[in-house]
Amino acid sequence: MAESGRQWRCWLRPVVAIALTIGLLWTLATPSALASDRYVIRFLKAFDPVEIPLDTAGNTQTVTPDQLSEGKTLFNKNCENCHLGGTTLLSDYESLSLESLHNSTPPLDNINNMVGYLRAPLKQKGDYQKYACREVSPEWMSSEELEDLSAFLIRAAQEVEGWGAGEF
């Protein structure tokens, strides 16, 4: 009886080692959502690549969870001070909600227009001074970084409950 128990344990060790190795390799080979941060997975609901509006003609761009994570990092580093939770702290009139982005002139609910706006923000005067974002030069952020930032902003406006509403 003791002999069969020893044989069973000798057989079990290699099987467990193989299973752990396969599990590790599987984890490394799975979609990039596992490498992305939890915010992107939980709040942006980006487990796999997602389609983000690219232009007003209805074209889309496929964006990976890692690109959204990079966009979130850029937002936290460069934009969050004025746009906490998608609000605009300097203005009660504008936010980064999907409705506000869509109703902007031009609409900022697509990557191309958002990148264009960030490269050369519009300033309008009226009954109130519309605060414009800082101009983002190519030396500050590459086109790829601006696309990641824009994709993050649009996806957050689409998916994050309370984004731009001041309720976070």
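Here is what the cut-offs are and how they apply
- Residues numbered from 1 in each chain as written.
- Predicted model: local features only at pLDDT ≥ 70, side-chain atom pairs only at ≥ 80, totals over all residues.
- Heavy atoms only, no water.
- Phe/Tyr/Trp six-rings, centres within 6.5 Å; stacked < 30°, edge-to-face > 60°.
- Helix = DSSP H or I, 4+ residues; strand = E, 2+ residues; numbered from the N terminus.
- Buried < 20%, exposed > 50% of the residue type's maximum accessible area, 1.4 Å probe, protein only.
- Lys, Arg positive; Asp, Glu negative; His and termini not counted.
- Salt bridge = Lys/Arg side-chain N within 4 Å of Asp/Glu carboxyl O.
- Contact = heavy atoms within 4.5 Å.
- Core = buried A, V, L, I, M, F, W, Y, C linked by side-chain atoms within 4.5 Å.
- pLDDT = per-residue confidence, 0-100.
- Axes fitted to C-alpha atoms, helices over the stretch in contact; angles between N-to-C directions.
- Parallel < 35°, antiparallel > 145°, perpendicular 65-115°, else oblique.
- Nonpolar A, V, L, I, M, F, W, Y, C, P; charged D, E, K, R; others polar.

Undergrad: Can you tell me about the packing of aromatic side chains, naming the residues and giving the values?
TA: Applying the stated criterion across every chain yields a total of five aromatic pairs. Where Phe 75 meets Phe 152, the ring centres are 5.5 Å apart and the plane angle is 45°; that geometry is what we call tilted. Note that Phe 75 is positioned in helix α3 (residues 65-78) and Phe 152 in helix α6 (residues 143-159), a separation of 77 residues in sequence. Owing to a relative accessible area of 1%, Phe 152 belongs among the buried residues under this scheme. Consider the rings of Phe 152 and Trp 163, whose centres lie 5.9 Å apart with planes at 90°: the pair is edge-to-face. One end of the pair, Phe 152, is in helix α6; the other, Trp 163, is in the segment after α6, and 11 residues separate them in sequence. Take Trp 163: its relative accessible area is 9%, and that puts it in the buried class. Here a set of aromatic residues connected by ring pairs shows up, and it is made of Tyr 39, Phe 43, Phe 75, Phe 152 and Trp 163.

Undergrad: Lay out the side chain of Asp 148 with the relevant residues and their values.
TA: The topology assignment puts Asp 148 in helix α6. Despite its burial, Asp 148 pairs with no opposite charge, the nearest such side chain being Arg 119 at 12 Å. Residues within four places of Asp 148 in sequence aside, it is in contact with Gln 67, Glu 70 and Gly 71.

Undergrad: Could you give me a rundown of the pattern of salt bridges, with the residues and numbers involved?
TA: Counted according to the given criterion, the structure contains three salt bridges. Between Lys 72 and Asp 37 there is a salt bridge, with the nearest N and O atoms lying 3.4 Å from each other. Of this pair, Lys 72 sits in helix α3 while Asp 37 sits in the loop between α1 (2-29) and α2 (38-42); the two residues are 35 residues apart in sequence, bridging distant segments of the chain. Exposure remark for Lys 72: the relative accessible area of 15% places this residue in the buried category.

Undergrad: A description of unusual backbone geometry should follow, citing residues and the corresponding values.
TA: Following Thr 105, the chain continues into Pro 106 via a peptide bond in cis, with omega recorded as -5°. Checked against the element boundaries, Pro 106 lands in the loop between α4 (98-103) and α5 (111-119). In the Ramachandran plot, Lys 45 falls in the positive-phi region, its phi being about 55° despite a non-glycine side chain. Mapped onto the secondary structure, Lys 45 falls in the loop between α2 and β1 (50-53). Given a relative accessible area of 40%, Lys 45 falls into the partly exposed group.

Undergrad: Report on the nonpolar core, specifying residues and quantitative values.
TA: The tendency in soluble globular proteins is for nonpolar side chains to be buried side by side. Ranked by internal contacts, the top residues of the largest apolar core, which has 31 residues, are Leu 68, Phe 75, Ile 111, Leu 149, Leu 153 and Trp 163. If you list the elements that add at least two residues to this core, you get β1, α3, α5 and α6. A total of eight residues in this core trace back to one element, the largest contributor, which is α6.

Undergrad: Outline the confidence of the model for the protein, listing residues and values.
TA: With 71% of its residues at a pLDDT of 70 or more, the protein has an overall mean of 82. Below pLDDT 50 for its whole length, residues 124-129 participates in five contacts with residues either more than four positions away or in separate chains.

Undergrad: Which residues make up the packing of α3 against α6, and what are the values?
TA: Relative to each other, α3 and α6 sit at 90°, their axes nearing to 7 Å. Taken together, α3 and α6 sit at an angle that is classed as roughly perpendicular. Between α3, through Gln 67, Leu 68, Glu 70, Gly 71, Lys 72, Leu 74 and Phe 75, and α6, the contact on the second element is made entirely by Glu 145, Asp 148, Leu 149, Ala 151, Phe 152, Leu 153 and Arg 155. Classifying every residue of the contact of α3 with α6 by side-chain character gives seven nonpolar, two polar and five charged.

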